[in-house]
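# Descriptive structure summary
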Amino acid sequence: MAKISTNSLNLWYADFHALKDVNISIEERRITAIIGPSGCGKSTLLRTFNRMNDLIDGVRIGGQILIDGRNAVEPGVDLVALRKKVGMVFQRPNPFPLSIYENIVFGEKVHAGKISRDKLDGIVEYSLKSVLLWDELKDKLRKSALSLSLEQKQRLCIARLIAVQPDIVLMDEPCSTLDPQATARIEELMRELKNNYTIIIVTHSMQQAARVSDDTGFMLLGELIEFGKTQDIFTAPKNKQTEDYITGRFG
Amino acid sequence: MRNTKRTQKIAFFLMLLATLLIVVPVGMIVVIIVQKGLPAINWQFLSDIPRQGMRTGGIFPAIIGTIYLVLGAIVFALPIGLLAVIYLSEYSRDNFLTRIIRLAIVNLSGVPSVVYGLFGLALFVVFFKFGASILSGSLTLGIMILPIIITTSREALESVPQSFREVSLSLGASKWQTIRHIVLPNAIPGILTGTILGLGRAAGETAPILFTVAAFYLPQLPKSIFDQAMALPYHLYVISTQVPNVDEKVRYGTALVLLVLVLFMNLVAIIIRYRFRKKKKW
């Protein structure tokens, strides 16, 4: 069964119809890329999976989003539980102005209340090891997270997320502020992480989608135009618009 | 071409003049008050009760009275102001009701202080039967500084980047947890600054305490919040206009103490703001 599947998902920002009858089915422990030109609704789609769009006034959602078979958009959904399960990495690395340590244990502290120091230490070590930062940072866990490089910050944000033990990781253009080397390393990390997590990445860069993802969806003007194996999408797109986009004729 | 240059020069000169005009009175106030008041300042002046019809002795009860009033005002105004501001800027949506509330807050800050005094007299002294007391005076001052606390705290909350809230929520924190663990800690310096500025204002005002608490002459310290108290601004008014033959240096000495108290609070606010700005990097 699909990890996430949507049933004629529609979304409006007030009068603007941002998602139109989107039907997508995302498999577990794979990297799914969503590509498309600016304003096509790819970030909006991503943000429906953890209901972050709810923060915007005037949003209406129709249809279904089934996550492990349960509808995430029906009234009365436990948003806290949903967001623990479906974590998010943002475009700009955004650590809190706290120490590295405090950043990582933030989620755990909020969710578990009082927990032992040992357990927290364990979480910090595990999370930092998962993002390959442990060796670099293990001696300066008390330093401010704002003193890190951009790449380290983004890794830290991923570690902060891993500490909450999500099932699904949403990434909203996670490399758009990074240089090519850092981007390559984050992509490497994503391949590593897909052994344990289902990853959905929104990206501007077709090359990135081609490099890193297993499945790719192409969106245009709020519609999911084509969805399939990344290899198929990039080598033999079925849709004319997909072909035009990936060959660089617009976008 | 030369003409534009000259016009520009004249304009800049006028602006400089205007700027100097602002600085001059401030400097002169400080210089005159320090010059005339400093000779009066000694330990007895700061620690003794007024004697001989307030012509000699000290101003200790007035200093203590002012400190009580200021503390009372803060105990009342800070919790209410903070809760209101969290509601307004984090929870409430923009609708007719909240716009009315915001308008009311703006207007509250424009009310003349003597009107607060009359209001405090009618509500606290007479209606609630608190009498002329520290309680009535503190509540009146508290209401007067509410808009200052609300306005500055709101700015402080709004200066916390939206992305912090988003991340926190995306990690599964509830709205209240986000406010408690992320928004408030980052807004505290701003809130503190506003609070202290409000305190400075409360310490210096005469009109609101005139009918609600201030005693003309009270040679002992207040024993409870239902007692009357002396207060520096009112004491200054009294010895300047109501009591004949008060030595000039006593008057200026009192003014100096009040000025130092208020400036000190403003200075603390400035230091907090400055240190916070240096630390803030996002």
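Residues take numbers from 1 onward in each chain, read along the sequence in its written order. Here the convention is simple: chains get letters from A, ligands get numbers from 1, in the order in which they are written. The predicted nature of this model means local features are confined to residues of pLDDT at least 70 and side-chain atom pairs, given and counted, to a pLDDT of 80 or more, with totals for whole chains, interfaces and linings taken over all residues.

### Things to note about the overall build of chain A
What counts is decided by this rule: Helix and strand labels come from DSSP, where a helix needs a run of H or I of at least four residues and a strand needs a run of E of at least two; each type is numbered from the N terminus. Two things to know: the radius of gyration comes from C-alpha atoms, and the globule rule equals 2.2 Å times the number of residues to the power 0.38. Each residue is classed by its C-beta neighbour count within 10 Å, where at least 20 other C-beta atoms makes it buried, 12 or fewer makes it exposed, and intermediate counts make it partly exposed; the C-beta atoms are placed from backbone geometry. By definition, residues are in contact whenever their C-beta atoms, placed on the basis of the backbone, come within 7 Å of each other.
Assigned secondary structure in chain A consists of 10 helices and 11 strands. Taking 18 Å as the expected radius of gyration for a compact globule of 251 residues, we find that chain A reaches 18 Å, a close match to that expectation. If you line up chain A on its principal axes, its C-alpha atoms span 55 × 45 × 35 Å. A burial count over chain A gives 46% of its 251 residues as buried. Long-range contacts, defined here as pairs at least 24 residues apart, represent 68% of the contacts in chain A between residues at least 6 apart.

### Remarks on helix α3 (residues 60-91) of chain B
Filter applied, for reference: Here the expected span of a helix is defined as 1.5 Å times the quantity of residues minus one. To get the bend at any residue, fit one axis to the seven residues that end at it and another to the seven that begin at it, then take the angle between the two axes.
Here α3(B) contains 32 residues, and its C-alpha end-to-end distance of 45 Å stays within 8% of the 46 Å for a straight helix at 1.5 Å per residue. Roughly 30° is the biggest bend found in α3(B), and it falls at B:A77, with proline B:P79 one to four residues downstream.

### Let's talk about the interface of chain A and chain B
A common measure of how large an interface is: the accessible area buried when the components associate. Quick note on the threshold: By the convention adopted, Pro, Cys, Tyr, Trp, Phe, Met, Ile, Leu, Val and Ala count as nonpolar, Lys, Arg, Asp and Glu as charged, and the other residues, Gly among them, as polar.
Contacts between chain A and chain B engage 21 residues on the former and 17 residues on the latter. When residues of the side of chain A that touches chain B are traced back to their parent elements, those giving at least two are α2 (79-85), β7 (86-89), α3 (100-112) and α6 (150-162) of chain A. The dominant element in the side of chain A that touches chain B, judged by the number of residues it contributes, is α3(A), at 4 residues. Residue composition of the side of chain A that touches chain B, grouped by class: 11 nonpolar, 5 polar and 5 charged.

### Side note on the environment of B:I270
Assignment of secondary structure puts B:I270 in helix α11 (residues 248-279). Separated by 74 residues in sequence, B:I270 and B:I196 place their C-alpha atoms 9.5 Å apart.

### Re helix α4 (residues 96-108) of chain B
The terminal C-alpha atoms of α4(B), which comprises 13 residues, lie 18 Å apart, in line with the 18 Å expected from a rise of 1.5 Å per residue. Counting buried residues in α4(B) gives 0 out of 13 residues, a small share hidden from the surface.

### Describing the confidence of the model for chain B
All names here are of chain B. So the rule is basically this: Every residue gets a pLDDT, meaning the predictor's confidence in that residue, from 0 to 100.
Averaged over every residue, the pLDDT of chain B is 90; residues scoring 70 or more account for 98%. Summarising per-element confidence for chain B, the mean pLDDT is lowest in strand β2 (residues 56-57) (83) and highest in helix α5 (residues 113-127) (94). Predicted complex metrics record ipTM = 0.90 and pTM = 0.82.

### A few points about the packing of helix α6 (residues 134-158) of chain B against helix α8 (residues 175-204) of chain B
Residue and element names in this part refer to chain B. Put simply, the rule is: In this description, a line fitted to the C-alpha atoms serves as the axis of each element, helices being fitted only across the stretch in contact, and the angle between N-to-C directions of two axes falls anywhere from 0 to 180 degrees. Just so you know how the angles are binned, under 35 degrees is roughly parallel, over 145 roughly antiparallel, 65 to 115 roughly perpendicular, and the rest oblique. Crossings are assigned a handedness: left-handed for a near helix turned anticlockwise from the far helix by less than a right angle, right-handed for a clockwise turn.
Packing of α6 against α8 brings their axes to within 8 Å, and their N-to-C directions diverge by 150°. Of the possible angle classes, the one that applies to α6 and α8 is roughly antiparallel. The handedness of the crossing between α6 and α8 is right-handed. Contact with α6, carried on its side by L141, M144, I145, I148, I149, T152, S153, E155, A156 and L157, involves V183, A187, G190, I191, T193, G194, T195, L197, G198, R201 and A202 of α8 and no other residues of that element. Its residues placed into classes, the contact of α6 with α8 shows 12 nonpolar, 7 polar and 2 charged.

### Re the sheet that holds strand β11 (residues 223-229) of chain A
Residue and element names in this part refer to chain A. For the record, the criterion: For two strands to be treated as a pair, DSSP must find at least two bridges joining them.
Taken together, the 6 strands give an open sheet; going across it, the order is β7-β8-β9-β4-β10-β11, and neighbouring strands pair in mixed fashion. Edge strands, defined here as strands with exactly one partner in the open sheet, are β7 and β11. Neighbouring strand axes in the sheet, compared pairwise and without regard to direction, differ in orientation by 20° on average. Of the pairings in the sheet, the one linking strand β4 (residues 31-35) to strand β10 (residues 215-220) comprises 4 bridges and is parallel in character. Directly across from A33, in β10, lies its bridge partner T216.

### With respect to the packing of α3(A) against α6(A)
Residues and elements named next belong to chain A. Viewed as axis vectors pointing N to C, α3 and α6 meet at an angle of 35°, and their least axial separation amounts to 7 Å. Relative to α6, the crossing made by α3 is right-handed. Residues I100, N103, I104, F106 and G107 of α3 form the contact with α6, whose participating residues are L156, A159 and R160. Among the residues making up the contact of α3 with α6, the classes are represented as 5 nonpolar, 2 polar and 1 charged.

### A word on the pairing of strand β2 (residues 16-22) of chain A
All names here are of chain A. Where strand β1 (residues 4-13) lies against β2, 4 bridges are found, and the strand directions are antiparallel. The residue bridging L11 from the neighbouring strand is L19, located in β2. Counting the residues between successive antiparallel strands, the hairpin from β1 to β2 contains 2 residues, one of them, A14, with a positive phi of roughly 50°.

### Points about the pairing of strand β8 (residues 168-172) of chain A
Each regular strand shows side chains that alternate between the opposite faces of the sheet. Residues and elements named next belong to chain A. Filter applied, for reference: Handedness of a crossover: with both strands directed away from the viewer, a clockwise path from the first strand across the helix to the second marks it as right-handed.
For β8, the tally of buried residues reaches 5 of 5 residues, placing the bulk of the element in the interior. Neither face of β8 is left uncovered, since the one carrying I168, L170 and D172 and the one carrying V169 and M171 both have all their residues buried. Pairing geometry for β7 and β8, over 4 bridges, is parallel. For V89, the partnering residue across the bridge sits in β8 and is M171. Where β8 meets strand β9 (residues 198-202), 5 bridges bridge the pair, whose relative direction is parallel. Across the sheet, the residue bridging to L170 is I200, located in β9. Each parallel crossover has a hand, and the one from β8 via helix α7 (residues 180-193) to β9 is right-handed.

### Considerations on the environment of B:Q44
The residue B:Q44 is located in helix α2 (residues 43-47) in this model. Spatially, the C-alpha atom of B:Q44 lies 6.8 Å from that of B:G57, the residues being 13 residues apart in sequence.

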